[in-house]
Amino acid sequence: MNIELLKDAVDYGIIGLLGVMSFIAFWFWIERLLFYRGIDVASFETKEELEIVLTNNINIISTFGSNAPYIGLLGTVFGIIITFYAMGQSNDLDVKIIMTSLALALKATAMGLLVAIPATVFYNHLARKIEVVLALWDIHQKKKHAN
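This one's a predicted model, so the numbers in the text were calculated from it and none came from an experiment.

Student: How should I be thinking about the nonpolar core in this particular structure?
Tutor: In terms of nonpolar packing, the biggest core is built from 29 residues, with Leu18, Met21, Leu50, Leu54 and Ile61 touching the most fellow members. Broken down by secondary-structure element, the contributors of at least two residues to this core are α1 (3-37), α2 (47-54), α3 (58-89) and α5 (107-146). Not counting chain neighbours up to four residues away, the residues in contact with leucine 54 comprise Arg32, Phe35, Tyr36, Ile39, Ile130, Val133 and Leu134.

Student: Hey, could you run me through the packing of aromatic side chains in this one?
Tutor: Each pair of aromatic rings is reported with the distance of its centres and the angle of its planes. What the rule picks out here adds up to five aromatic pairs. Ring centres of phenylalanine 26 and tryptophan 29 lie 5.9 Å apart, and the angle between their planes is 50°; on these two criteria the pair is classed as tilted. In this pair, phenylalanine 26 and tryptophan 29 both sit in helix α1, three residues apart, roughly one turn of the helix. For phenylalanine 26, a relative accessible area of 41% puts it in the partly exposed group. Through pairs of rings, three or more aromatic residues link up here, namely Phe26, Trp29 and Phe122.

Student: Would you explain the packing of α2 against α5 in this entry?
Tutor: To describe two helices that pack against each other, one gives the angle between their axes and the distance between the axes. Running from N to C, α2 and α5 point in directions that differ by 155°, and their axes come no closer than 11 Å. Between α2 and α5, the crossing angle belongs to the class labelled roughly antiparallel. In the packing of α2 onto α5, the handedness of the crossing is right-handed. Within the contact between the two elements, α2 uses Lys47, Leu50, Glu51 and Leu54 and α5 uses Ile130, Val133, Leu134, Trp137 and Asp138. In terms of residue class, the contact of α2 with α5 is made up of six nonpolar, no polar and three charged.

Student: Could you clarify how one ought to interpret α1 in this entry?
Tutor: Helical periodicity: at 3.6 residues per turn, an α-helix aligns residues three or four positions apart in one direction. Given a rise of 1.5 Å per residue, 35 residues ought to cover 51 Å, and the 51 Å separating the end C-alpha atoms of α1 matches this to within 8%. Buried within α1 we find Val10, Asp11, Ile14, Leu18, Met21, Ala25, Phe28, Trp29, Arg32 and Tyr36. Of the surrounding elements, those touching the buried residues of α1 are α2, α3 and α5. N-cap assignment for α1: the residue whose side-chain oxygen lies 3.1 Å from the backbone N of glutamate 4 is asparagine 2.

Student: Explain the pattern of salt bridges here, please?
Tutor: A side chain of one charge can pair with a side chain of the opposite charge when the charged atoms of the two come close. Counting across every chain of the model gives four salt bridges. Note that glutamate 131 and arginine 128 form a salt bridge whose closest N and O atoms lie 3.2 Å from each other. Residue glutamate 131 and its partner arginine 128 are both found in helix α5; the two are separated by three residues, about one turn of the helix. When its relative accessible area of 47% is taken as the criterion, glutamate 131 is described as partly exposed.

Calculation notes
- Residues numbered from 1 in each chain as written.
- Predicted model: local features only at pLDDT ≥ 70, side-chain atom pairs only at ≥ 80, totals over all residues.
- Heavy atoms only, no water.
- Core = buried A, V, L, I, M, F, W, Y, C linked by side-chain atoms within 4.5 Å.
- Buried < 20%, exposed > 50% of the residue type's maximum accessible area, 1.4 Å probe, protein only.
- Helix = DSSP H or I, 4+ residues; strand = E, 2+ residues; numbered from the N terminus.
- Contact = heavy atoms within 4.5 Å.
- Phe/Tyr/Trp six-rings, centres within 6.5 Å; stacked < 30°, edge-to-face > 60°.
- Axes fitted to C-alpha atoms, helices over the stretch in contact; angles between N-to-C directions.
- Parallel < 35°, antiparallel > 145°, perpendicular 65-115°, else oblique.
- Left-handed = near helix turned anticlockwise from the far one by under 90°.
- Nonpolar A, V, L, I, M, F, W, Y, C, P; charged D, E, K, R; others polar.
- Expected span 1.5 Å × (residues − 1).
- Polar contact = N/O pair within 3.5 Å; in protein donor to acceptor, adjacent residues only side chain to side chain.
- Salt bridge = Lys/Arg side-chain N within 4 Å of Asp/Glu carboxyl O.

And the structure:
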């Protein structure tokens, strides 16, 4: 198998997967924010029912935030393996080519971090929004029972 083809497959596969994860995390964050903006706590009979509705899809954001660095690291490891394999197969050990290949292999880890950091921020932002909406439900219930 052509080593360049394998290298491109790993690069595009890992970077593509991380790109899709980033898009999905961002999309769910926006969807949840819009949902929270229009929620009416008075329409829920129980706090548990409200909590179920509020927490839909946020586990996906959390999962992407916690796993994106590992996916990036996997891409880096594959990139390094491919670089070492190519070095072993060639008769020419050019330091410039080796260092360039290793530096490029690290881009997958960087991309994983670029996905994980915002996804973690999105998750924490939504977790706080959920706490606020649940507190508003409690306040509504107290007012309802006080009357």
